[in-house]
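# Working through the structure, step by step
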Amino acid sequence: MYQGIKVIENFDKWDEWFSREKEIHLDQLPHSDYFQNMGVVFKAAQCEDLPKTKEHGIVKGEHVVHLKKYFPCGVKPLNTEQTIALELLNDDTIPLVTLFGNAGSGKTLLACAHAAHSLKKGLVNKIVIAKSLTPVGREIGYLKGTLQEKILPWLGPFLDNFEKCELPRFHIEKMIAEGKIEITPITFIQGRSISNSIIIVDEVQNLDMNVIKQIVTRAADNCKIILLGDPSQRFEKGSLDLTDFIEKGKMSDLVGHIFFRKSVRSPLAQWAVTNL
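Everything quoted here is computed from the prediction, not taken from an experiment.

## Observations concerning a nonpolar patch on the surface
- On the surface, a cluster of nonpolar side chains totalling about 400 Å² of accessible area is made up of Leu268, Trp271 and Leu276.
- Locating Leu268 in the fold gives a position in helix 10 (residues 267-275).

What follows is the structure in structure tokens.
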């Protein structure tokens, strides 16, 4: 599967170029097969008394552009994948970002941090969270209440991560009541035209390509779509082949993709990802 990142080892010229031009032409780089919005990691040769240093860039046009530091809501990246993912999220020229990877890798936190930051700064008017209401394991049966009350049990991961983004639970509930955060089943998002919003779609590995197409075609002016998925947790027959979807996306400058390889939630979470 396309990872969205290329690593260039023992490349010492990046420091000179980035400090002077803030970008490097692709002709000056080894290797080939660079795709638009691909993250590039430059690793300098290791000195005797100094650890190996590295820098990050992203492919834009015919250049690799130096990444700007972006810490939405105080959330700082913990690894290379998260560093590049934040740049993709912060780039207004990339309306579709796919963050795929193992449980606990930070996908949801980064999406929530960027969405909360954009809403606070007035860059968008609303956050739309779309999720398939398919429980893992046994059915939980009929739920009483309004549509929003029925959906809330599925939003634990988002509520937990919004709280880490300086949004306390009571503030989140107020924003939901005011319509600044909209919660919707994926079924109800079809047929709409959504502008000035960030749309976060969770568990896309359990959706088929037609549903993904219906979601992506909802995007109107100033709309960014963030797709979150974990290929190891496909439960629905006929669900999306993430490899095919990512291969199509990497050919477009409108799409950015990162695959997260490591869980940063806890050692136990990483053990479960690796062994179970």
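And the narrative resumes.
## Considerations on the packing of aromatic side chains
- According to the stated counting rule, one finds one aromatic pair in the structure shown.
- Both rings, one in Tyr2 and one in Phe35, keep their centres 5.6 Å apart while their planes meet at 80°; by these two values the pair is edge-to-face. Placement of the pair is Tyr2 in the segment before strand 1 (5-8) and Phe35 in the loop between strand 2 (23-25) and strand 3 (39-43), with a sequence separation of 33 residues.
- According to the relative accessible area criterion, Tyr2 is buried, its value standing at 11%.

## Regarding the sheet that holds strand 9 (residues 197-202)
- The strand order across the open sheet built from six strands is 8-7-9-10-6-11, with neighbouring strands paired in parallel fashion. Two strands close off the open sheet at either side, each with one partner strand: strand 8 (181-185) and strand 11 (255-260). Sheet twist, expressed as the average angle between the axes of neighbouring strands with direction ignored, equals 15°.
- As defined by bridge partners, strand 9 adjoins strand 10 (residues 223-229) across five bridges and the pair is classed as parallel. Considered in strand 10, the bridge of Val201 is made with Leu227.
- Helix 9 (residues 242-249) rests against strand 6 (96-101), strand 10 and strand 11 of the sheet, and its axis sits at about 145° to strand 6.

## Section: the sheet that holds strand 2
- In spatial order, the strands read 1-3-4-5-2; together these five strands make up an open sheet with mixed pairing. Pairing within the sheet leaves two strands with one partner each, and these edge strands are strand 1 and strand 2. Along the sheet, successive strands turn relative to each other by an average axial angle of 30°, direction set aside.
- With four bridges connecting them, strand 1 and strand 3 associate as parallel partners. The residue bridging Val7 from the neighbouring strand is Val41, located in strand 3.
- Where helix 2 (residues 80-90) meets the sheet, its contacts fall on strand 1, strand 3 and strand 4 (54-60), and the angle it forms with strand 4 comes to roughly 35°.

Rules used throughout
- Residues numbered from 1 in each chain as written.
- Predicted model: local features only at pLDDT ≥ 70, side-chain atom pairs only at ≥ 80, totals over all residues.
- Heavy atoms only, no water.
- Patch = residues over 30% accessible without salt bridge, like charges linked within 9 Å, V, L, I, M, F, W, Y side chains within 5 Å.
- Areas by Shrake-Rupley, 256 points an atom, 1.4 Å probe, with all protein chains shown as cover.
- Salt bridge = Lys/Arg side-chain N within 4 Å of Asp/Glu carboxyl O.
- Helix = DSSP H or I, 4+ residues; strand = E, 2+ residues; numbered from the N terminus.
- Phe/Tyr/Trp six-rings, centres within 6.5 Å; stacked < 30°, edge-to-face > 60°.
- Buried < 20%, exposed > 50% of the residue type's maximum accessible area, 1.4 Å probe, protein only.
- Pairing = 2+ DSSP bridges.
- Axes fitted to C-alpha atoms, helices over the stretch in contact; angles between N-to-C directions.
- Contact = heavy atoms within 4.5 Å.

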